[in-house]
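Residue-level structure breakdown
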Amino acid sequence: MEKTQSIRTAIIGAGPRGTSVLERLLAHAADLLTAGNPGSEADGSAPFTLHIDVVDPYPAGPGHVWQPGQSRLFLMNTQSFYPTLIPEDPALPAALAGSTFERWRQRQQKDPLPSLTGEERAELAVLGTNDFPSRALYGRYLRSTLDDLLARVPDGVTIDFHETSALSVRSGPDGMFDVELATGAALRTGSVVLALGHIPSRLNPEQRELQAAAQQLGLTYLPPAVPADVDWAQIPAGEPVLVRGMGLNFFDTMVQLTEGRSGKFVETGGLNGRLEYEPSGQEPLIIAASRRGTPYRAKAALAGYYAASVTLRYLTEAALERFAAAGIRPGFDHDLWPLLHRDALWAYYSTLVRSQPGAVPDSAAFLAALEEALHPHAHSAANWEDAVESVLAVHVGPRHRLDLAGLAAPLAGRTFASRAEQDAAVVEFLLDDARRSALGEEDPVKKAIAALHHGRAVLKTAVADGGITDESWVAGLRGWFESFVEGLASGPPALRSEQLAALARAGVVSFVGPDPKFGVDRRARTFIASSPWVAGQPAAARTMVEALAPGNRVSANDSPLLQQLLDDGMVRSRHMMTAEGAPVQSTGLDVEPHPYRPVAANGSVTEGLYVLGLQLSSAQWGTAIAAEAYQPGGPAYRSGQRTLRDADEIAAAILRR
């Protein structure tokens, strides 16, 4: 640290990532001041000062996505015990204030803040450790944590919040940056952090055609958007609405158009009790479509984020270290997936023999033979699966075999004589999946998925910063595995699956079928959608919703700031090479670690410009999920708090400049 520094920095983006950088700056500044360095009368240096400008049109802390005023029907995809804004790594400077979301929840239940609204108090009153909080409540936690931090700002540190957009960032010959704001004001600063979060994206060609047709024909087309931004009142009651996408945004759409319009889910009770839906009459007729024809599988009922009874045997941190020691830069399909595949198989079959004793007659002999077949050194990469198949042929009947590909595409290979027949198949899938979720770690299918979920945390470490080959990133990790594992391990709470089944039985929701094709019937003035696997007329509606998040591809951005940075050559998209040697533009920025700094169009790295969050999607995998609080007794994967360590590295670098 220089002795006589007056430091100015700007953080563009005030959601969780930008707030993490702010928190780390305050922690590092407090450490420096506590140590008596820099600036003291004894050494004759000038006092240490740090000024931080935070720029975001949305309130700092929650930012855009986590606004506390949004519908409480929009739930997080993680339980109360999971997320945190505050790092817990003892190697990092201690936070000045704040805690995990779970500890904040517990504190508010005992001694609520006077500023909490009645709705927030009501949610907190019934919210448990394993429950899924609303996104609005998580936003309140983020704002409350920021308020606590602002009450502890060290001497010599000042912060200005600018609730507006940054339009440009330009560097000068003196190493300083000029940040132009939408208000017309300008900031001059020594460093800039790009924590841009979910950026607006241009529509793809098909979406543009649908939007243009809607404008010409008087139809309603709602493009990909953050659910809290959508005006759901545009969708008329009692009329069909086509909804494309059955991932997490679909469930937001579903609940807003049902419970959000005064419909009610009711438990019927009894031995065969199930959930039923009582319509309000204000619902539209939702026609849902996705490539699989079904939504994501629901999360299993677990006591923690990871299944406690799963311990990875093959895709481990030690395995990654062996690759590194041998000088191997692993390929995904060739090196990493075979290890994780083994873990999923072992998790499934070891659970099968325990939970269903009659499924495998000689379970001890079976498990011994399976373990031998799975051993990475017992067989070449080319034939280990054949060895496993030989063991299964002797011990396990077809009914009890694990079909991982089939789990991700439950309707694959089936044809349906009508949409009603297909709807019944989807309801059957939903109820079976919810039943398995309720069994948690006692269900072999959910146990295999749990192994994939564990493996995903290890993979995040394995692939970071060029840890795998470009071609395997393009063709393997992002080419097939990402959508595969998200469909299995990133689904909603099981309650959402039960609710969807109830809505289908009530006639409020129906389904198009797998591999849907969308278009416009100009004569009938409707959107249409059909599946090649479902007979009958196409589904038709005058309203269509893209239940998808904005693309978050740097190359398709609709952000004035990011586009200016690209146009000026201060940043560039990352290109990766396929196995055939063809360059492919990846989703994120080209960056140089650590801390992450963007690579300019000419290949240089601009000092003092930093990147955090979603625009790191070409250097890291899984950048959208929140940082993970440490779970007592749970695995402490290095990837869990990676984003907080990234923020810490940026803060340390800013104060060293």
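One can find the structure itself at the top, above this paragraph.
Residues numbered from 1 in each chain as written. Predicted model: local features only at pLDDT ≥ 70, side-chain atom pairs only at ≥ 80, totals over all residues. Heavy atoms only, no water.

What follows concerns the overall build of the chain. When helices and strands are counted, the chain shows 17 helices and 24 strands. In terms of C-alpha radius of gyration, the chain reaches 26 Å, essentially the compact-globule figure of 26 Å for 657 residues. In terms of its C-alpha atoms, the chain occupies a principal-axis envelope of roughly 80 × 65 × 60 Å. Of the contacts made within the chain by residues no fewer than 6 positions apart, 74% connect residues no fewer than 24 positions apart. In the chain, 58 side chains carry a positive charge and 74 a negative one; their mean positions are 3 Å apart. (Helix = DSSP H or I, 4+ residues; strand = E, 2+ residues; numbered from the N terminus. Rg over C-alpha atoms; globule rule 2.2 N^0.38 Å. Contact = heavy atoms within 4.5 Å. Lys, Arg positive; Asp, Glu negative; His and termini not counted. Charge placed at Lys NZ, Arg CZ, Asp CG, Glu CD.)

Further remarks concern the layout of surface pockets. Of the voids in this model, the second largest pocket is the one considered here, and its volume is about 760 Å³. What lines the second largest pocket is a set of 36 residues, among which Leu-75, Phe-132, Pro-493, Ala-494 and Leu-495 lie closest to the centre. Secondary-structure elements contributing two or more residues to the lining of the second largest pocket are α12 (419-439), α13 (444-463), α14 (470-489) and α15 (494-505). (1 Å grid on protein atoms, 1.4 Å probe; cavity = no way out; pocket = protein on both sides within 12 Å on 5 of 7 lines; lining within 4 Å. Points joined across faces, edges and corners; volume = space filled by probe spheres on them.)

Strand-to-strand pairing in sheets goes through backbone hydrogen bonds, with the strands running parallel or antiparallel. The 5 strands lie next to each other as β4-β2-β1-β8-β23, forming an open sheet whose pairing is parallel. The two strands at the open ends of the sheet, each matched to only one other strand, are β4 (157-162) and β23 (609-611). Each neighbouring strand pair of the sheet contributes to a mean axis angle of 15°, computed without reference to strand direction. For strand β8 (residues 191-194) and β23, the ladder comprises 3 bridges, and the chain directions are parallel. Each residue of the ladder has a partner; that of Leu-194, found in β23, is Val-611. (Pairing = 2+ DSSP bridges. Axes fitted to C-alpha atoms, helices over the stretch in contact; angles between N-to-C directions.)

Another point: the sheet that holds strand β17 (residues 539-541). An order of β15-β16-β17 is seen for the 3 strands of this open sheet, with the pairing classed as antiparallel. The open sheet terminates on both sides in strands that have one partner only, identified here as β15 (517-521) and β17. Strand-to-strand, the axes of this sheet are offset by a mean angle of 25°, without reference to chain direction. In the sheet, strand β16 (residues 526-530) pairs with β17 via 3 bridges, with the strands oriented antiparallel. Considered in β17, the bridge of Ala-529 is made with Ala-539. Sitting on the sheet, helix α5 (residues 205-217) is in contact with β15 and β16, with an inclination near 25° to β15.

Take the packing of helix α9 (residues 363-374) against helix α10 (residues 384-395) next. In contact at an axis separation of 8 Å, α9 and α10 are set at 170° when each is read in the N-to-C sense. In this view, α9 runs roughly antiparallel relative to α10, as classed from their interaxial angle. Contact residues: Ala-365, Phe-366, Ala-369, Leu-370, Ala-373 and Leu-374 in α9; Trp-384, Ala-387, Val-388, Val-391, Leu-392 and His-395 in α10. Here the residues of the contact of α9 with α10 are counted per class, giving 11 nonpolar, 1 polar and no charged. (Parallel < 35°, antiparallel > 145°, perpendicular 65-115°, else oblique. Nonpolar A, V, L, I, M, F, W, Y, C, P; charged D, E, K, R; others polar.)

The next point concerns the side chain of Gln-256. Relative to the assigned elements, Gln-256 resides in helix α6 (residues 248-256). Residue Gln-256 is classed as buried on the basis of its relative accessible area, which comes to 15%. Those residues within four positions of Gln-256 in sequence are excluded, and the remaining contacts are Ser-71, Leu-73, Phe-74, Trp-232 and Arg-261. (Buried < 20%, exposed > 50% of the residue type's maximum accessible area, 1.4 Å probe, protein only.)

In this model, Pro-593 is joined to His-594 through a cis peptide bond whose omega is -20°. Mapped onto the secondary structure, His-594 falls in the loop between β21 (591-592) and β22 (597-598). A cis amide bond, omega 0°, links His-594 with the succeeding residue Pro-595. With respect to the helices and strands, Pro-595 occurs in the loop between β21 and β22. At Arg-525, a position not held by glycine, the phi torsion is positive, near 55°. The phi torsion at Asn-552 lies on the positive side, around 55°, for a residue other than glycine. Looking at the element boundaries, Asn-552 is found in the loop between β18 (543-546) and α16 (560-567).

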